[in-house]
Amino acid sequence: MTYAIQAEGLVKRYGETRALDGVDLLVPQGRLLGVLGPNGAGKTTAVRILATLLRPDAGTALVGGYDVTSQAHQVRSLIGLTGQYAAVDEMLTGVENLVMIGRLLGMTRADSRARAGELLERFDLSDAGGRAAKTYSGGMRRRLDLAASLVGRPQVLFLDEPTTGLDPRSRTDLWSVVRGLMADGVTVLLTTQYLEEADQLADDIVVFDHGRVIAFGTSDQLKATTGAQVLEVRPSQAEHLDLVGKVLADVLGEIPDLSGGRATASVHDPATVPAIVRRLDEQGVIASELALRKSSLDEVFLAITGHLPEDEETPDKEEAFA
Ligand SMILES: Nc1ncnc2c1ncn2[C@@H]1O[C@H](COP(=O)(O)OP(=O)(O)OP(=O)(O)O)[C@@H](O)[C@H]1O
Ligand SMILES: [Mg+2]
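Residues numbered from 1 in each chain as written. Chains lettered and ligands numbered in written order. Predicted model: local features only at pLDDT ≥ 70, side-chain atom pairs only at ≥ 80, totals over all residues. Heavy atoms only, no water.

What about the overall build of the protein?
If you tally the helices and strands in the protein, you get eleven helices and 13 strands. For the protein, the spread of C-alpha atoms along the three principal axes comes to 75 × 45 × 40 Å. A burial count over the protein gives 48% of its 322 residues as buried. When contacts within the protein are restricted to residue pairs at least 6 apart in sequence, long-range pairs at least 24 apart make up 68% of them. Surface summary for the protein: the accessible area is close to 15300 Å², and the carbon and sulfur share equals 49%. (Helix = DSSP H or I, 4+ residues; strand = E, 2+ residues; numbered from the N terminus. Buried < 20%, exposed > 50% of the residue type's maximum accessible area, 1.4 Å probe, protein only. Contact = heavy atoms within 4.5 Å. Areas by Shrake-Rupley, 256 points an atom, 1.4 Å probe, with all protein chains shown as cover.)

Written out as structure tokens, the structure reads:
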């Protein structure tokens, strides 16, 4: 298999802080690796090293077969980067931003303009292309930023939290753009704090915590690490919740979570579910919601680290879009 990204033992220290503490990454060509982790986990540091913007203190990384430290120039010619904070020039229009990048990449004026038009169209920005970027909404800037990273038709694309701060609609729009890139054969490394995002887009997922990879696998493999599915039962009458909790505890041998008006418990053997349904029926409990699902990545993170990603710090990214 050909790997577009191969990193081994990456270390980056800032004083006492080990932003990266021995990270290995492998991304096969044409695949999307989701790097999932809470604030301060080391995601941006890893992206900056792979994108040749930062030198590692130890370890090696190859992108497209080129070494990111000794062959940075070659690496730069085949990558695109959408940083965590929108990097568009506020004073320039959408078209001007993209044309400028094309020119910097050595494209002719005509080619740059053609590429700009094509990308604005693709990102639904054609109408806004003549307006200064400072008049754009956060979502529009994010799209322009992503368009900017695609001007040079990169083989490998780094997207650092591309949807942080976007509303759900803009987020799903951006997901479909990313899927389009994957269909074109682009290799993507995408960082995110959103478990759902990694679940939606990624072929493989690595989970970062405190500068280390604490888990690796496909979304399904990671979900399987909790060794369980999850049963959720919401009684149609709220006063039946304790009774539902008792039935689940009796059958599953585990105290369920009773928050949010429903009982939630891990199920290790799906064959126990019919027994639960029978017991609920005998007790006269009607369920308005009864679902057996795979563990969410949130639950996986909790199982691996003992805490939820949000527990670390409060995300404070909004100012980037102010
Ligand atoms: N230039 C720097 N100087 C000092 N410490 C830094 C620097 N850059 C990063 N760090 C520290 O390294 C750690 C990892 O930071 P990094 O930005 O890579 O995390 P992240 O996973 O991208 O977080 P977020 O989700 O908040 O963007 C953090 O503890 C951060 O404070
Ligand atoms: Mg970051």
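Quick notes on the domain arrangement of the protein
As far as domains go, the protein holds domain 1 (3-88 + 136-223) and domain 2 (228-294). Taking only C-alpha atoms into account, the centre of domain 1 sits 39 Å from that of domain 2. (Domains from an automatic or database assignment.)

Brief notes about the packing of helix H3 (residues 94-104) against helix H4 (residues 109-122)
Relative orientation of the contacting elements H3 and H4 amounts to 130 degrees, with a least axis distance of 8 Å. Viewed along their axes, H3 and H4 adopt a mutual orientation that is oblique. Our pair here, H3 against H4, has a crossing hand that is right-handed. Listed contacts from H4 to Gly94, Val95, Leu98, Val99, Gly102 and Arg103 of H3 are Arg109, Ser112, Arg113, Ala116, Leu119 and Leu120. Class assignment for the residues of the contact of H3 with H4 results in six nonpolar, three polar and three charged. (Axes fitted to C-alpha atoms, helices over the stretch in contact; angles between N-to-C directions. Parallel < 35°, antiparallel > 145°, perpendicular 65-115°, else oblique. Left-handed = near helix turned anticlockwise from the far one by under 90°. Nonpolar A, V, L, I, M, F, W, Y, C, P; charged D, E, K, R; others polar.)

Brief notes about unusual backbone geometry
Of note, the phi angle at Asp124 is positive, near 60 degrees, even though the residue is not glycine. Note on placement: Asp124 falls in the loop between H4 and helix H5 (138-150). Positive phi is not limited to glycine here, since Glu161 has a value of about 45 degrees. By the secondary structure assignment, Glu161 is in the loop between strand S7 (156-160) and helix H6 (168-183).

Concerning the sheet that holds strand S2 (residues 17-28)
Judged by pairing direction, the sheet is antiparallel, and its four strands sit side by side in the order S2-S1-S4-S5 without closing on themselves. A strand with exactly one partner marks an edge of an open sheet, and here the two such strands are S2 and strand S5 (66-67). As judged from the two bridges shared by strand S4 (residues 58-63) and S5, these two strands associate in the antiparallel manner. Across the sheet, Leu62 pairs through a bridge with Asp67, a residue of S5. Together, strand S1 (3-14), S2 and S4 form the strand contacts of helix H1 (residues 43-50), whose direction differs from that of S1 by roughly 120 degrees. (Pairing = 2+ DSSP bridges.)

Description of the sheet that holds strand S3 (residues 32-36)
Overall, mixed pairing links the six strands, which are arranged S6-S7-S8-S3-S9-S10 in an open sheet. Every interior strand has two partners, whereas the edge strands, strand S6 (79-82) and strand S10 (212-217), have only one. Neighbour-to-neighbour, the strand axes of this sheet turn through a mean angle of 15 degrees, independent of strand direction. The sheet contact formed by S6 and S7 spans four bridges and is parallel. Note that in S7 the partner of Thr82 across the bridge is Leu159.

Overview of the site of ligand 1
Residues in contact with ligand 1 amount to 15 residues; listed here are only the nearest, Gly40, Lys43, Thr44, Thr45 and Glu161. Listed by contribution, the elements that provide at least two residues to the shell around ligand 1 are S2 and H1. Of the residues forming the shell around ligand 1, the biggest block, three residues, is contributed by H1. For the shell around ligand 1, the class distribution of residues is four nonpolar, eight polar and three charged. (Near = heavy atom within 4 Å.)

Some thoughts on the pairing of S2
Direction of pairing for S1 relative to S2: antiparallel, over a ladder of nine bridges. Residue pairing in the sheet places Gln6 in a bridge with Leu26 of S2. With antiparallel pairing between neighbouring strands as the criterion, S1 and S2 make up a hairpin whose turn holds two residues, including Gly15 at a positive phi of roughly 60 degrees.

Points about the pairing of S10
Summarising the sheet, strand S9 (residues 204-209) and S10 pair through five bridges and their orientation is antiparallel. Note on S10: the bridge partner recorded for Asp209 is Arg212. Between S9 and S10, which pair antiparallel one after the other, the connecting turn spans two residues, and His210 there sits at a positive phi close to 50 degrees.

Things to note about the pattern of salt bridges
Within this structure, the stated rule accounts for 18 salt bridges. Glu161 is the salt-bridge partner of Lys43, the closest N and O atoms lying 3.6 Å from each other. Taken as a pair, Lys43 in helix H1 and Glu161 in the loop between S7 and H6 lie far apart in primary sequence, 118 residues in all. Per residue, the accessibility class of Lys43 equals that of Glu161, and both read buried. Between Glu118 and Arg115 there is a salt bridge, with its nearest N and O atoms 2.6 Å apart. Of this pair, Glu118 and Arg115 both sit in helix H4, three residues apart, which is roughly one turn of the helix. Looking at Glu118, the relative accessible area reads 41%, which means it is partly exposed. For Arg115, a relative accessible area of 6% translates into the label buried. Here the residues in one salt-bridge network are Glu232, Arg234, Arg262, Glu289 and Arg293, joined through shared partners. (Salt bridge = Lys/Arg side-chain N within 4 Å of Asp/Glu carboxyl O.)

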